[in-house]
Amino acid sequence: MKEHIMYYYNLLDIDSLEKSGCYYYFKCHGRLFSLEYVSNIDKTKKVFEVLQKVNFNRGYQVIYNIYDEIFTNISNNWYVLFLCNNEKYNILQDLLHPINVTGLFSFNYKFSWNYLWSKKVDYYEYQFNHIYEMYPLIFESFNYYIGFAENAISYFSYNLHSLESFDVFLCHERISYSNYFDPLNVTVDYYARDIAEYIKFLFFSKKYDAFSFSLFFQKLELSYNDYILLFSRLLFPSYYFDIYDRIINHECNEEALAEVILLVNDYYLLLQKTFENISYFANIPAIDWIKK
């Protein structure tokens, strides 16, 4: 890969090339670069179009290749090279000032999460029947988290009034300190996506106990439908399926699931706490097994 990077980007002094998953990291003249795999090039191109229109260039600078193109095909895979800037930022403050991109996205953005989640669950259940004997932790926990996912799908399907009135924003596939501004982590979706992902980030970084959910929701001024989206997304266990995918793709050991499984009771308490605080702002339907 080093030779490809040197050729396509005319970088001659690459130092300490390292691989993490599908990403490659290296330094050149003391600056940190990342060559990142693009899993869905069509979607990524459209997201990049939106980023250019709103002049979003924080955190990462796109490096064009020798053909003056963003995307580079190496061994039949697409990559983008970024120069990583050490920019300080506050995720919460950024989250409270979302970038509305309604009208800038060039394809249908009325995303029906329940449909997408249902397709994902169907795929996982099919796959599970072929791999469960190889993964004892997955065998032990899989049906529980599938149940969580089905609760999320039902809650979304039966309680959301409409998607027609929603604007869409620059959001994130997942929220963490390491990839918050990574353009390949940026997506276009409903604002509730980022709010839910932020709450999950607080939970798994063990920072939610001291967090004021009441003040947070007061600042957001969300609608009934926003809260249905938010709580549905909190119910859907993306944190479990993310690790499941990495295990199946041989990117991490199955033991990575252990922490998630150990935190199952704590996450249940988080759902209780979040629902209680939402109830002060919107009369969304309760779920019997979550009510105090």
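Position labels on residues start from 1 in each chain and follow its written sequence. Side-chain atom pairs in this predicted model are given and counted only at pLDDT of 80 or more, local residue features only at pLDDT of at least 70, and totals for whole chains, interfaces and linings cover all residues. For side-chain calculations, the full set of non-hydrogen atoms in the structure is used, while hydrogens and water are omitted.

J.: Whenever I open this one, the pattern of salt bridges confuses me. Can you help?
T.: Only one rule defines a salt bridge in this text: a Lys or Arg side-chain nitrogen within 4 Å of an Asp or Glu carboxyl oxygen. For the structure shown, the criterion picks out eight salt bridges. Across the salt bridge formed by E173 and K43, the nearest N and O atoms sit 3.1 Å from each other. Of this pair, E173 sits in the loop between β7 (169-172) and β8 (186-189) while K43 sits in helix α2 (residues 41-53), and the two are 130 residues apart along the sequence. Summary of the burial criterion: residues with accessible area below 20% of their type's maximum are buried, those above 50% are exposed, and those between are partly exposed, where the area comes from a 1.4 Å probe applied to protein chains only. Residue E173 is classed as partly exposed on the basis of its relative accessible area of 26%. For D189, the salt bridge is made with R193, and the minimal N-O distance between the two is 2.9 Å. Each member of the pair, D189 as well as R193, carries the same accessibility label: buried. Each of R174, E197, K200, R233 and D242 takes part in salt bridges that share partners, so that together they form one network. Secondary structure is summarised from DSSP: a helix means a run of H or I of at least four residues, a strand means a run of E of at least two, and numbering begins at the N terminus for each.

J.: Just to check I follow, could you spell out the environment of D209 for this structure?
T.: With respect to the element layout, D209 can be found in the loop between α6 (191-204) and α7 (213-220). With a relative accessible area of 61%, D209 lands in the exposed category. When the C-alpha atoms of D209 and D288 are compared, they prove to be 23 Å apart, with 79 residues separating the residues in sequence.

J.: Help me understand the packing of aromatic side chains in this model?
T.: Working definition: rings of Phe, Tyr and Trp (its six-membered ring) pair if their centres are within 6.5 Å, and the pair is stacked with planes under 30 degrees apart, edge-to-face with planes over 60 apart, and tilted otherwise. Tallied over the full model, the rule gives 50 aromatic pairs. Here the aromatic rings of Y60 and F82 are separated by 5.7 Å at their centres, their planes lie at 85 degrees, and the arrangement is edge-to-face. Taken together, the residues span a long stretch of sequence, with Y60 in strand β4 (residues 60-63) and F82 in strand β6 (residues 77-84) at a distance of 22 residues. Taking the relative accessible area as the measure of exposure, Y60 reaches 14% and is therefore buried. Ring centres of Y180 and F181 lie 5.0 Å apart, and the angle between their planes is 70 degrees; this geometry places the pair in the edge-to-face category. Here Y180 matches F181 in class, with each residue buried. When the ring centre of W113 is taken as origin, the NZ or CZ atom of R233, which lies over that ring, is 4.6 Å away. The criterion is that NZ of a Lys, or CZ of an Arg, lies within 6 Å of the ring centre and within 35 degrees of the ring normal, and then a charge sits over that ring.

All quantities given are derived from atomic positions and should not be read as evidence of function.
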